[in-house]
Amino acid sequence: MNAAYGEKRFWEIDFLRGLAIIMMILFHVRYDLNYFGEYPITLHSGFWFCFARATATIFILLVGISLTLSYSRVKKLPKSEVYVNYLKRGLKIFSWGLLITVTTGIFFRTGMVVFGVLHLIGTSIILAYPFLKLRSWNLVMGVVFIALGMQLKSYTVGFPWFVWLGLVPDQFYTLDYFPLFPWFGVVLMGVFAGNLLYPDYKRRFNLLDLSNSPFVRLFCLLGRHSLRIYLIHQPLLLVVLYLLGIVDAGFFVVYTV
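Residues numbered from 1 in each chain as written. Predicted model: local features only at pLDDT ≥ 70, side-chain atom pairs only at ≥ 80, totals over all residues. Heavy atoms only, no water.

Right, let's get into the packing of helix 2 (residues 46–74) against helix 3 (residues 79–107). As a packed pair, helix 2 and helix 3 sit with axes 11 Å apart at the nearest point and diverge in direction by 145 degrees. Considering how the two elements wind past one another, helix 2 and helix 3 form a crossing that is right-handed. Note on element contacts: helix 3 touches helix 2 through Val82, Tyr86 and Arg89, opposite Leu67, Ser70, Tyr71 and Val74. Class assignment of the residues belonging to the contact of helix 2 with helix 3 gives a composition of 5 nonpolar, 1 polar and 1 charged. (Axes fitted to C-alpha atoms, helices over the stretch in contact; angles between N-to-C directions. Helix = DSSP H or I, 4+ residues; strand = E, 2+ residues; numbered from the N terminus. Left-handed = near helix turned anticlockwise from the far one by under 90°. Contact = heavy atoms within 4.5 Å. Nonpolar A, V, L, I, M, F, W, Y, C, P; charged D, E, K, R; others polar.)

As structure tokens, then:
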């Protein structure tokens, strides 16, 4: 989830990503407690639904902003070299998504992650390359993707082949789902914001420098290591819940039979 900015980093980007990491962990703690029957709540509407969507939106907007920052550093290189760089980065993150697909397929009877947030981010890094030089068109295309995605939610199909786009079969269920429609639109919104706020790798607005605050530095540290934290936080949460007696030792046996 991190993007390489070069030597200089904008502390506010790392801070916001760190904030989103904290929000994600808080939501997953609540999700796990609900999943294992402790303190059940409704997660498909109300506060926690909005909280989860806000968390995801921050993450995915920052993907688009980070892409514009990295592009500002490398755009003078040969186009083929730049694209290969984005292709490699996208495939790397998508591969982590595939690992999650395999892992959830092994350990969960239902809810296997088919096209989750890492699949989305990896794919978006590759697909966004032609959009990075555009300005206002990213706002327009972002709105189009989001609007189409909202429309696709009303339809189901009889096959699973277009799940990645946002067309799902009946009774489709997954633990993590971020299709290109509408979420690639959020990435494009981030690209628009990045080009507007950080043209040519320069902050276009005045901001009080809080980067030396211990609190801010902690959040920035989390933000710089967001991918690692994302990959390990759920196993660690399950261990903690097991030690607290909330997750039974037979959980993995039950859900793999």
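Further remarks concern a nonpolar patch on the surface. There is a patch of nonpolar side chains on the surface, built from Leu134, Trp137, Val140, Val144 and Leu148 and spanning about 440 Å² of accessible area. Tracing the sequence through the fold places Val144 in helix 5 (residues 136–152). (Patch = residues over 30% accessible without salt bridge, like charges linked within 9 Å, V, L, I, M, F, W, Y side chains within 5 Å. Areas by Shrake-Rupley, 256 points an atom, 1.4 Å probe, with all protein chains shown as cover. Salt bridge = Lys/Arg side-chain N within 4 Å of Asp/Glu carboxyl O.)

All right, on to the packing of aromatic side chains then. In the structure shown here, the tally under the stated rule is 23 aromatic pairs. Consider the rings of Trp11 and Phe15, whose centres lie 6.3 Å apart with planes at 70 degrees: the pair is edge-to-face. Placement of both Trp11 and Phe15 in helix 1 (residues 11–35) is noted, with a separation of 4 residues, approximately one turn of the helix. Like Phe15, Trp11 is buried. Relative to Phe184, the ring of Phe131 has its centre 5.8 Å away and its plane inclined at 70 degrees; by these criteria the two rings are edge-to-face. Taken as a pair, Phe131 in the loop between helix 4 (117–127) and helix 5 and Phe184 in helix 6 (residues 180–197) lie far apart in primary sequence, 53 residues in all. Assessed through its relative accessible area of 17%, Phe131 is described here as buried. Ring pairing ties together the aromatic residues Phe27, Tyr31, Tyr35, Phe36, Phe47, Trp48 and Phe51, which thus form one cluster. Arg73 extends its terminal NZ or CZ atom over the ring of Tyr201, reaching a point 4.5 Å from the ring centre. (Phe/Tyr/Trp six-rings, centres within 6.5 Å; stacked < 30°, edge-to-face > 60°. Buried < 20%, exposed > 50% of the residue type's maximum accessible area, 1.4 Å probe, protein only. Lys NZ or Arg CZ within 6 Å of the ring centre and 35° of its normal.)

Bringing the pattern of salt bridges into the picture now. Taken as a whole and judged by the stated rule, the model has 4 salt bridges. Measuring nitrogen to oxygen at the nearest pair gives 2.9 Å for the salt bridge that ties Glu12 to Arg203. In this pair, Glu12 sits in helix 1 while Arg203 sits in the loop between helix 6 and helix 7 (214–224), placing the two residues 191 residues apart along the sequence. Here Glu12 falls in the buried class, since its relative accessible area comes to 8%.

The omega torsion across Phe181 and Pro182 is 15 degrees, close enough to zero to call that bond cis. Residues other than glycine seldom take positive phi values, yet Gln171 does so here, at roughly 60 degrees. Tracing the sequence through the fold places Gln171 in the loop between strand 2 (168–169) and helix 6. Phi is positive for Asp200, which is not a glycine, with a value near 55 degrees.

What follows deals with the confidence of the model for the protein chain. Residue-level pLDDT values for the protein chain average 90, and 93% of them are 70 or greater. Low pLDDT, under 50, characterises residues 1–6; the predicted model gives this stretch 31 contacts beyond four residues in sequence or across chains. A low-confidence stretch, residues 253–257 stays under pLDDT 50, and its non-local contacts, those more than four residues away or across chains, total 9 contacts. (pLDDT = per-residue confidence, 0-100.)

With respect to the helices and strands, the residue Glu38 is situated in the loop between helix 1 and helix 2. The class for Glu38 is partly exposed, based on a relative accessible area of 30%. As for Glu38 and Ile246, which are separated by 208 residues in sequence, their C-alpha atoms are 7.5 Å apart. Aside from chain neighbours lying at most four places away, what touches Glu38 is Arg30, Leu33 and Ile246.

Before going further, it helps to examine helix 8 (residues 226–243). If you check helix 8, its first and last C-alpha atoms are 25 Å apart, about what 18 residues at 1.5 Å a residue would give, namely 26 Å. Where helix 8 bends most, at His233, the angle is about 35 degrees, and the proline Pro235 comes one to four residues later. Those residues of helix 8 that sit buried are Ser226, Leu227, Ile229, Tyr230, His233, Leu237, Leu238 and Leu241. (Expected span 1.5 Å × (residues − 1). Bend = angle between axes of the 7 residues up to and from the residue.)

Turning next to the environment of Leu167. Structurally, Leu167 is set in the loop between strand 1 (156–157) and strand 2. If we ignore the near neighbours within four places in the chain, the residues touching Leu167 are Leu152, Tyr155, Val157, Phe162 and Tyr177.

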